[in-house]
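# Structural features, examined
Residue-level listing of the chains:
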Amino acid sequence: MNNDGAPVEEAMLAEARVEVSYADHKASMVLASLGVGFGAVIGGLLAGDWKPADQGDGEWAWWIGVCLAIGSVGLSAGAVWPRYPRRGESDRPYFWGDVASMSSYDELSKRLDKAPPAAGDRTRSQLWVLSGIVATKYRFIRAAFVAAALAVVAFAISAALA
């Protein structure tokens, strides 16, 4: 392995680690915002002050908005869901997911003794895995934003038709 790019690769890995945190924070903010909205609606329903039928001709749009908002919550939860790929059998464990897939401490010791991971290979392996996790998280977040925005539009239509 050519190790000329090691400092750059380590910087990229550090950036990927930070980006995981940013993605989780963004998804948490979407969840919190939707939680406030759901709390207000549920409060109105439980108090008996309001019901979906009060939307009149806009009730259908309200239900579509509810479905989109619930979908947005699910997508946001998918973004913060802990994930690590199990990459199957590998001679060299490069990250904690590889270690977690082993059946025993002895197996870990044997693999590390047989073929210890090289620092550069380990950095590249982690960069590959974390970059995939970040990309997946952002796909979920973008979809959650779209679903939330469409929910707002549906609620506005419902209010306009009420």
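Residues numbered from 1 in each chain as written. Predicted model: local features only at pLDDT ≥ 70, side-chain atom pairs only at ≥ 80, totals over all residues. Heavy atoms only, no water.

### Topic: the environment of Asp-121
Under the convention used in this document: Note on conventions: DSSP H or I runs of at least 4 residues are helices, E runs of at least 2 residues are strands, and numbering of each starts at the N terminus.
Positionally, Asp-121 belongs in helix H5 (residues 119-161). Sequence separation between Asp-121 and Glu-9 is 112 residues, and the spatial gap between their C-alpha atoms is 10 Å.

### Things to note about the nonpolar core
Short version of the rule: The term nonpolar core refers to a set of buried residues drawn from Ala, Val, Leu, Ile, Met, Phe, Trp, Tyr and Cys, joined through side-chain atoms within 4.5 Å. Throughout this description, buried means an accessible area under 20% of the type-specific maximum (1.4 Å probe, protein chains only), exposed means over 50%, and partly exposed covers the range between.
Ranked by size, the top nonpolar core spans 14 residues in total, and within it Val-20, Leu-130, Ile-133, Tyr-138 and Ile-141 carry the most contacts. Among the elements that make up this core, the one with the highest residue count is H5 (seven residues).

### Focus: the packing of aromatic side chains
For the record, the criterion: Planes of paired rings set the category: under 30 degrees apart is stacked, over 60 is edge-to-face and the rest tilted, where pairs are Phe, Tyr or Trp rings (Trp by its six-membered ring) whose centres lie within 6.5 Å.
What the rule picks out here adds up to two aromatic pairs. Look at Trp-62 and Trp-63: their rings are 4.7 Å apart centre to centre, the planes differ by 85°, and that puts the pair in the edge-to-face class. Since its relative accessible area comes to 9%, Trp-62 is described here as buried. Linked through ring pairs, Trp-62, Trp-63 and Phe-155 together constitute an aromatic cluster.

### Quick look at the pattern of salt bridges
The cut-off we apply is this: Each salt bridge in this description consists of a side-chain nitrogen of Lys or Arg and a carboxyl oxygen of Asp or Glu lying within 4 Å of one another.
Summed over the entire model, instances satisfying the criterion amount to four salt bridges. One salt bridge connects Glu-9 with Arg-124, and the closest N-O pair in it is separated by 2.8 Å. Residue Glu-9 is located in helix H1 (residues 6-47), and its partner Arg-124 is located in helix H5; the two are separated by 115 residues in the primary sequence. Given a relative accessible area of 35%, Arg-124 falls into the partly exposed group. A salt bridge links Asp-24 to Lys-137; its shortest N-O distance comes to 2.6 Å. Placement of Asp-24 in helix H1 and of Lys-137 in helix H5 is noted, with a sequence separation of 113 residues between them. Among the residues examined, Asp-24 registers a relative accessible area of 23% and is labelled partly exposed.

### Some points on the side chain of Ser-158
What counts here: What qualifies as a polar contact is a pair of N or O atoms within 3.5 Å, subject to a donor-acceptor requirement within protein and to the restriction that residues adjacent in sequence count only when both atoms come from side chains.
As for its placement among the helices and strands, Ser-158 is situated in helix H5. A polar contact is formed between the side chain of Ser-158 and the side chain of Gln-55, at a distance of 2.8 Å.

### Regarding a nonpolar patch on the surface
We apply this condition: Patches in this entry comprise residues that are over 30% relatively accessible and not in a salt bridge; like charges within 9 Å are linked, as are nonpolar side chains (Val, Leu, Ile, Met, Phe, Trp, Tyr) within 5 Å. Residue-level accessible areas treat just the shown protein chains as cover; the underlying method is Shrake-Rupley with a 1.4 Å probe.
A contiguous nonpolar surface patch, about 450 Å² in accessible area, is contributed by Trp-60, Ile-64, Val-153, Ile-157 and Leu-161. Elements represented by at least two residues in the nonpolar patch include exactly helix H2 (59-80) and H5. Looking at the nonpolar patch, the element that brings in the most residues is H5, giving three residues. Among the secondary structure elements, Trp-60 is positioned in helix H2.

### Considerations on the packing of H1 against H2
Our working definition: Fitted lines through C-alpha atoms give the axes, limited to the stretch in contact for helices. The angle between two N-to-C directions lies from 0 to 180 degrees. The crossing is said to be left-handed when, going from far helix to near helix, the turn is anticlockwise and less than a right angle, and right-handed when the turn is clockwise. By definition, residues are in contact when any of their heavy atoms lie within 4.5 Å. Gly counts as polar in this scheme, as do all residues outside two lists: the nonpolar Ala, Val, Leu, Ile, Met, Phe, Trp, Tyr, Cys and Pro, and the charged Asp, Glu, Lys and Arg.
Viewed as axis vectors pointing N to C, H1 and H2 meet at an angle of 145°, and their least axial separation amounts to 9 Å. As for how H1 packs across H2, the hand of that crossing is left-handed. Of the residues in H2, those in contact with Asp-24, Ala-27, Ser-28, Val-30, Leu-31, Leu-34, Phe-38 and Val-41 of H1 are Trp-62, Ala-69, Ile-70, Ser-72, Val-73, Ser-76, Ala-77, Ala-79 and Val-80. Residues of the contact of H1 with H2, tallied by class, amount to 13 nonpolar, three polar and one charged.

### Concerning the confidence of the model for the chain
Inclusion rule: Each residue gets a pLDDT score, which is the predictor's confidence in that residue and runs from 0 to 100.
With 93% of its residues at a pLDDT of at least 70, the chain reaches an overall mean of 86. Model confidence for the chain, summarised as mean pLDDT per element, is weakest for helix H3 (residues 96-100) at 79 and strongest for H2 at 93.

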